[in-house]
Amino acid sequence: MMSNAAAFSVFGLISLWLGVLTFFLFRMVKHYQKLTGGIEKKHLQAVLEKILKDLGEEDRQIKEILKNLKRLGKENTYNIQKIGLVRFNPFSEVGGNQSFSLALLDGEGSGLVISSLHSREVTRVYAKPIKKGKAIGYQLSTEEIQAIKNARKNS
């Protein structure tokens, strides 16, 4: 047979457990009443159906947005994304680094290099196509190669 102290302890633990369960039950009931406040049973069903319908529409919109995002990501590969600039002095009689090579590359490393050679009499501008970091049909100068390297570093 159990002593009075043990019976009192068991009774206390059971009472405490029932108190905790009652607290959570009242919180859930209060939350449910807040959600359904002023709505009759037949109106509640209409509200839930509307929520489910809206959820389906939002799911369709999210799928469309993801599809557009994927398409834009593919298209963005061909935009200028990497820029490299090298200034230099090709002629000793001209002071300062007034000449330059500018590399404009897309996400795949293709694009062009624009070079400007400045002398006292004339400034010449050249453009050379680049495909995946390599010149197509033209030899690159040291400065143009450096401009491409700079552009790749800036990605």
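Our structure is the block above this text.
What you are looking at is a predicted structure, and each value in this text was computed from that prediction instead of being measured.

### Structural notes on the pattern of salt bridges
Side chains that differ in charge, positive against negative, can pair when their charged atoms come close. Across all of its chains, the model carries six salt bridges by this definition. Across the pair aspartate 54 and lysine 50 runs a salt bridge, and its minimum N-O distance is 2.9 Å. In this pair, aspartate 54 and lysine 50 are both assigned in helix H2 (residues 41-76), four residues apart and thus about one turn of the helix distant. A relative accessible area of 32% means that aspartate 54 is categorised as partly exposed. Judged by relative accessible area, lysine 50 falls into the exposed class, the value being 51%. With its nearest N and O atoms 3.7 Å apart, the salt bridge here joins aspartate 59 to lysine 63. Remark: lysine 63 and aspartate 59 occur in helix H2; sequence separation between them is four residues, near one turn of the helix. Here the residues in one salt-bridge network are Glu57, Arg60 and Glu64, joined through shared partners.

Analysis parameters
Residues numbered from 1 in each chain as written. Predicted model: local features only at pLDDT ≥ 70, side-chain atom pairs only at ≥ 80, totals over all residues. Heavy atoms only, no water. Salt bridge = Lys/Arg side-chain N within 4 Å of Asp/Glu carboxyl O. Helix = DSSP H or I, 4+ residues; strand = E, 2+ residues; numbered from the N terminus. Buried < 20%, exposed > 50% of the residue type's maximum accessible area, 1.4 Å probe, protein only.

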